Structures are given as C-alpha cells and as structure tokens.
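# What the coordinates show
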Amino acid sequence: MAMNNQGRPTTPNVGGDTAAGATFTGNKALQQEEPLIFELDNPGTWGVDLAEPCTDTLKLGPVKPRGAIGLPSLSEPQVVRHFTRLSQKNFGIDSTMYPLGSCTMKHNPRLNEKMARLPGFADIHPMQPFSTVQGALELIDELAKWLKTLTGMPAVAMSPGAGAHGEFCGMMAIKAALEARGEGHRKRVLVPESAHGTNPATAAFCGFTVDPIPAEENGRVSVEAVTSKLGPDVAAIMLTNPNTCGLFEPQIKAIADAVHAAGGYFYCDGANYNAIVGRVRPADLGVDAMHINLHKTFSTPHGGGGPGSGPVVLSEALAPFAPIPFVVHDGEHFRLIEHDADHNATHSSFGRMKAFHGQMGMFVRALAYMLSHGADGLRQVSNDAVLNANYVMASLKDVMSASFEGPCMHEALFDDRFLKGTGVTPLDFAKAMIDEGFHPMTMYFPLVVHGALLIEPTETESKQTLDQFIATLRYLAERAKSGDVAFFQGAPRLTPRRRLDETAAARKPVLRWIPPAPPQAVAAE
Ligand SMILES: *Cc1c(COP(=O)(O)O)cnc(C)c1O
C-alpha cells in the first residue's frame, strides 16, 4: 500500500475498508478518475475545423513557429467532460460549509453575480476614454464612499488586488510618510505573534525589520507589551482586530495612542472586519491604514473562485501618499488621476501598484452587497457572524478544548488538548471531516496555541447547517477519545486521493508534464 511520509495511505479504496470498495476503473459512480488533458491526447482528433493558417502573413516578423507546440488533440465532448469533471472535484462554498478560519468563506449572493455581468461593467476596457465609462468610475467612487463612511476614514486606495497587496499599499504609504518627515531611519515594525503570515512578510518586503510582540495568556496584545518595544526607530505596529484568535483587542485605542506618541503609525489588518462592520469605526480606534478584503467582508468570491480585492483606507496623515490611479469627480464628470501633477501640489503618491485601477468585477459585487443590505443590514451581518461563531464555540467546548475563556468574535479557536493521549493529530481529525463532507477548519494557525483548530462559520450558514456541523464534530471528538485511532489515521477514505505527500508537493513540485518516451525510442535502447 502506498504511504506518504507520515505513514498514511495515499491511494483510494485500498484495504476495502469502506462500503464503496475498489472498482475496475478507479471511478466511484459520479466521482470519476481524471487524467491530465495531455494524457487524453488523441492525435488526429479535433473539435472544430479551422482553416489552414496563412503563413505568408505572420504578424511576428522574423519570429516563426518551429514546429508543433504539443497541444493535446481532443473532440469537443472530451474537452467538455474533462473540465466538467475537474469542476466537480472542486470543493466550493456552493457545495457545502467552508469553515476555514481567518478566511471568511461566505456565500456569494447571486444578485452580486448578476450585477457584475452587466455588459456596462463586464465588457469595458480600462483604456477606454473616460467619457465612455462614467458609470464604472462612478461605481468605484460610490464604493469608496461606503468604505470611508463605514470605517470613518478620510481616504481610500482602491487599486490593491488582495489583502496582502493592501498591506503592501499601507506599509508603502507609511514608508513614504516617514521619509517625507525626514524619519526614514525608522525601520522597526511591531507585529504580534498571532499575526497572519502576510504581516511580517509585508513589513520585510518593504524593507522594515520585524519585531514580534508575544501574546498575553488571554490571547490578546497588551499595551504594556507594546510600550516596552517602542522607541525612536519604530515605524509602525501591524495589529489585527479582531485578532486571529477570534478575540477583540480591548486595549487597541491605548495601543494606537502609545504608538502615535512614539512617532509611529498604526497599520490595522482589516481581514476580520466582518466581525465589526457597522459596529466599530476603525478611525475611532486610531487606525492610520487598514486593508479591507472585499472578498471576505463584502462577500466577493475568493480562493479558486476569483481574484480578490483589498482597498486600503488611509488617515489624513497617509492620504497624500496614496497610490495612483484614483478616481476624482470634478463638477460634472468622473476621471482618473494617473499622475500626481494632474491632481494637486500636495499629493505625492508612493507610486502605482498595478497597471489599472482595481478589480472592477469585485467592486461591482461588493457595492451590490452593500446596497442590498443597507447600513443596518451590514450591522446585522457582523452580529450574526459573531452569534454563529459563539454558537459553535458554546456547543463544542465540552468535547473540544476552547483555547481561551469567554465568548469569541467571528471565529472559534480550539486547540489539540482534547486529543491528548488519543494518538489522533489535528490533521487526522481534519481529514476525517472530509469523509463527512465538510471542508476542514484552519489547522495549526494561529501559532500562539498548540495544534490550533480555527473555525469560522460566517453569518451565511443556517442553524440547520451549523447543527449538522456541530453534531459531526462532536461525533468525531467522541470517537477520537474512545481510542479509535486507526479510523482517523486511515481518513480520508472516500476521496479520489487520500493523504498526499504535502511536504514533497511543496518542496519538489512537479510543474510540467513530460510526455512518456515514444515506444520506438525505448526499443532502440
Ligand atoms: C486573509 C488574511 C490576510 C491576507 O489577505 P489576502 O486577501 O488573502 O491576501 C491577511 N491577514 C489576515 C488576518 C487574513 O485573514
């Protein structure tokens, strides 16, 4: 039996230990084995008839094709089935609950999709004359207004393409502001140990050094821990609120004040804004810059589902350094500022983050979401997100070990103490969830607790779904404690592949398909 390097089986259905059993084809009813499209290659087959290319009008000048480029030959039904079967292997928010903590995998309302497909938004080109895209520019401006109102911040940069890109934007604005003040020597950035990995990565990428702040016993950052690290070389703090343990940082205002008094800026990682939108305005917490993951808080698709979008709200102090381009409204028309000189003498942008002005489709979806909820509805979103997480936490804390006392915000953090002595690891536990049809929660993150299991149900899950999820986890926790370690080590049993060698996949990725040697070459040897 093929095993990965943790001694877990990699091939499906071995041992016949499931009702599904092994099959002749390797298919399991609707679950089809799927080769690479190159392996399906059937030379001489094609789906459409194309005219012979006219080689004397090659548009690439002297650059000429040297031979076939090795694309597979297939009929149209073969292509359609290949991609349909691949799509059916995809775990998505439209198939079942996706409780991945820190990711906010919530339902993407169909209304948003319908709006994003309107030709006036979907079929335009970023280089069209402004006069032909007034509606699209107005939509960007309207979304910017909502983001500024919800956060209480005076400015927003719309172009960042994801949360991590937003962090880059905010930290570059901080760097530019420090340099403009003649304090470019401030190089140290304080980052709590519970932070998402993108925070220290961003700080390092922008040329800062990262100074970690340990978490307190209660999973929070204390003002004392921050003050003890402050000094004339501190550029900023990067703090997430609610933090990645799913806890509100109650000392956040005092921390912001202390950082400001020491001459630093406060970057807030706003990925968890879902938990407080409509209830707390980040401006009132002393934030200088905060990214908002539209693909988390405002329900636009993410993961395999589409590009992200990470607008960054900026304080008065950082606004002049915002990236170009940005939308302005002068009197009657909307236009984009592409160069500082086109705006006003005080704007000194740190530069451009991407070719154009953001992810239009995400903007449309996020604004559709906001308009369909209204301000009161957005507040309800955060209330329900927090309620759902606390429902999960309260329903499971007698069988699983909650990491911190008291209620949580939008996600419930457990650790592996409940598995102690069972021989079952958090990974084994998560794999058993897959057989039950649930995507695992986030595992081994945040790093501040041992064997973390971070569950974020989001507000869009119904009580029925949550009850089924809770009952499943309760059943698995009890089964682990009953000593059935083999059950967990053999999981998952029902997936097309079982435990892959994730270390080898990360360290030695096979990124290219090499055709097998033709038979005659083998014979010649
Ligand atoms: C998701 C997340 C990020 C990164 O956002 P991306 O859009 O994935 O780049 C940063 N910090 C936290 C806390 C997150 O949850």
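Residues numbered from 1 in each chain as written. Predicted model: local features only at pLDDT ≥ 70, side-chain atom pairs only at ≥ 80, totals over all residues. Heavy atoms only, no water.

## Description of the overall build of the protein
- Along its length, the protein carries 15 helices and 13 strands.
- The globule rule puts the C-alpha radius of gyration for 525 residues at 24 Å, and the 26 Å found for the protein is close to it.
- Counting only C-alpha atoms, the protein reaches 75 × 75 × 50 Å along its principal axes.
- Residues counted as buried form 48% of the 525 residues belonging to the protein.
- Within the protein, residue pairs in contact and separated by at least 24 positions form 70% of the contacts whose partners lie at least 6 positions apart.
- Accessible area of the protein: about 25,400 Å², with a carbon and sulfur share of 58%. (Helix = DSSP H or I, 4+ residues; strand = E, 2+ residues; numbered from the N terminus. Rg over C-alpha atoms; globule rule 2.2 N^0.38 Å. Buried < 20%, exposed > 50% of the residue type's maximum accessible area, 1.4 Å probe, protein only. Contact = heavy atoms within 4.5 Å. Areas by Shrake-Rupley, 256 points an atom, 1.4 Å probe, with all protein chains shown as cover.)

## Some thoughts on the site of the ligand
- The local shell around the ligand holds 13 residues, among which Ser102, Gly163, Asp269, His295 and Lys296 are the closest.
- Contact between the ligand and His295: an oxygen atom at 2.7 Å from a side-chain N or O atom of the residue.
- Between the ligand and Lys296, the relevant distance is 2.8 Å, taken from an oxygen atom to a side-chain nitrogen or oxygen of the residue.
- Protein contact buries 87% of the 380 Å² of open area that the ligand shows by itself.
- Secondary-structure elements contributing two or more residues to the shell around the ligand are helix H5 (163-180) and helix H9 (294-297).
- If one sorts the elements of the shell around the ligand by residue count, H5 sits on top with 3 residues. (Near = heavy atom within 4 Å. Polar contact = N/O pair within 3.5 Å; in protein donor to acceptor, adjacent residues only side chain to side chain.)

## Observations concerning the nonpolar core
- Within the largest apolar cluster, 56 residues are counted, with the highest numbers of intra-cluster contacts made by Leu143, Leu147, Val226, Ile237, Phe298 and Met370.
- Once you skip the residues sitting within four places of it in the chain, Leu143 turns out to touch Met158, Leu294, Phe363, Ala366, Leu367 and Met370.
- Judged by nonpolar contacts, the second largest core, of 31 residues, contains Val392, Leu419, Met441 and Leu453. (Core = buried A, V, L, I, M, F, W, Y, C linked by side-chain atoms within 4.5 Å.)

## A word on the sheet that holds strand S6 (residues 289-291)
- Spatially, the 7 strands line up as an open sheet ordered S1-S7-S6-S5-S4-S2-S3, and their pairing is mixed. Lying at the two open borders of the sheet, with one neighbouring strand each, are strand S1 (155-157) and strand S3 (209-213). For this sheet the average axis-to-axis angle between neighbouring strands, irrespective of direction, equals 25°.
- Direction of pairing for strand S2 (residues 188-192) relative to strand S4 (residues 234-240): parallel, over a ladder of 3 bridges. Directly across from Arg188, in S4, lies its bridge partner Val234. (Pairing = 2+ DSSP bridges. Axes fitted to C-alpha atoms, helices over the stretch in contact; angles between N-to-C directions.)

## A look at the domain arrangement of the protein
- Its domain assignment divides the protein into domain 1 (1-48 + 496-525), domain 2 (111-368) and domain 3 (411-494).
- With 13 residues of domain 1 at the contact, the number on the domain 3 side is 10 residues.
- Taken over both partners, the interface formed by domain 1 and domain 3 buries close to 910 Å², and the fraction arising from carbon and sulfur atoms is 39%.
- Three residues, Arg8, Arg498 and Arg499, lead the burial of domain 1 against domain 3; their summed loss comes to 56% of the area buried on that side. (Domains from an automatic or database assignment. Buried area = accessible area lost by both parts, 1.4 Å probe.)

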